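An overview of the molecular structure
Take a look at the letters that make up each chain.
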Amino acid sequence: MRLTTKGRYAVTAMLDLALNVQHGPTSLGDISQRQEISLSYLEQLFARLRRAGLVTSVRGPGGGYLLATPAEEISVSQIIDAVNETVDATRCQGLSDCQQGDTCLTHFLWCELSGQIRSFFDDITLAQLMQRPDVIRIASRQQHRVDAGILASSP
């Protein structure tokens, strides 16, 4: 099983967006600073997230992105799917051709694991992640670091 950077960054960015919803639209630049994710990479991810209907964009001064639906209605698996990521523990992408066109001895074990992972991600929403004490603590630290950096760079 491999969840690539694309899936991890998409979930991280969406969680950041959800945590900052009270401030209105969030710019990708702000997410980039807090999460240390390349702005150009975020632009690619958010184009996919917008097409999937998970975020909406607001143009103009003070613009940025908003969640398209409440955080309670957005699961981690929806985010992963939106960026065309798969969570598959098999070597054959579930095609049963693991051993030169035949099913390998442990194929069904890995298929079951993939199903468990999918179910796990289906059952976690952004709202649930937002309530976790570790997430709240880390988000506060990140914002403080960014705020301190802005103050340090002011004349």
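Scroll up a little and you will see the structure.
The sections below set out a description of the structure shown in this document. Remember, predicted model here, so these are calculated numbers, not experimental data. (Residues numbered from 1 in each chain as written. Predicted model: local features only at pLDDT ≥ 70, side-chain atom pairs only at ≥ 80, totals over all residues. Heavy atoms only, no water.)

1. Here's the deal with the pattern of salt bridges
Enumeration according to the criterion identifies five salt bridges in this entry. Ionic pairing is found between Asp16 and Arg34, a salt bridge with its closest N-O pair at 2.8 Å. Note that Asp16 is positioned in helix H1 (residues 5-19) and Arg34 in helix H2 (residues 28-35), a separation of 18 residues in sequence. Residue Asp16 is classed as buried on the basis of its relative accessible area of 4%. (Salt bridge = Lys/Arg side-chain N within 4 Å of Asp/Glu carboxyl O. Helix = DSSP H or I, 4+ residues; strand = E, 2+ residues; numbered from the N terminus. Buried < 20%, exposed > 50% of the residue type's maximum accessible area, 1.4 Å probe, protein only.)

2. Observations regarding unusual backbone geometry
Phi angles above zero are rare outside glycine, and Glu36 is one such case at about 55°. Residue placement: Glu36 occurs in the loop between H2 and helix H3 (39-51). Its identity as a non-glycine residue notwithstanding, Asn84 has a phi of 60°, on the positive side. Residue placement: Asn84 occurs in the loop between helix H4 (76-82) and helix H5 (107-122).

3. As for the pairing of strand E2 (residues 64-67)
The side chains of a regular strand alternate between the sheet's two faces. Looking at chain direction, strand E1 (residues 55-58) and E2 are connected through four bridges and run antiparallel. Note that in E2 the partner of Ser57 across the bridge is Tyr65. What sits between the antiparallel neighbours E1 and E2 is a turn of five residues, in which Gly60 has the positive phi angle 90°. (Pairing = 2+ DSSP bridges.)

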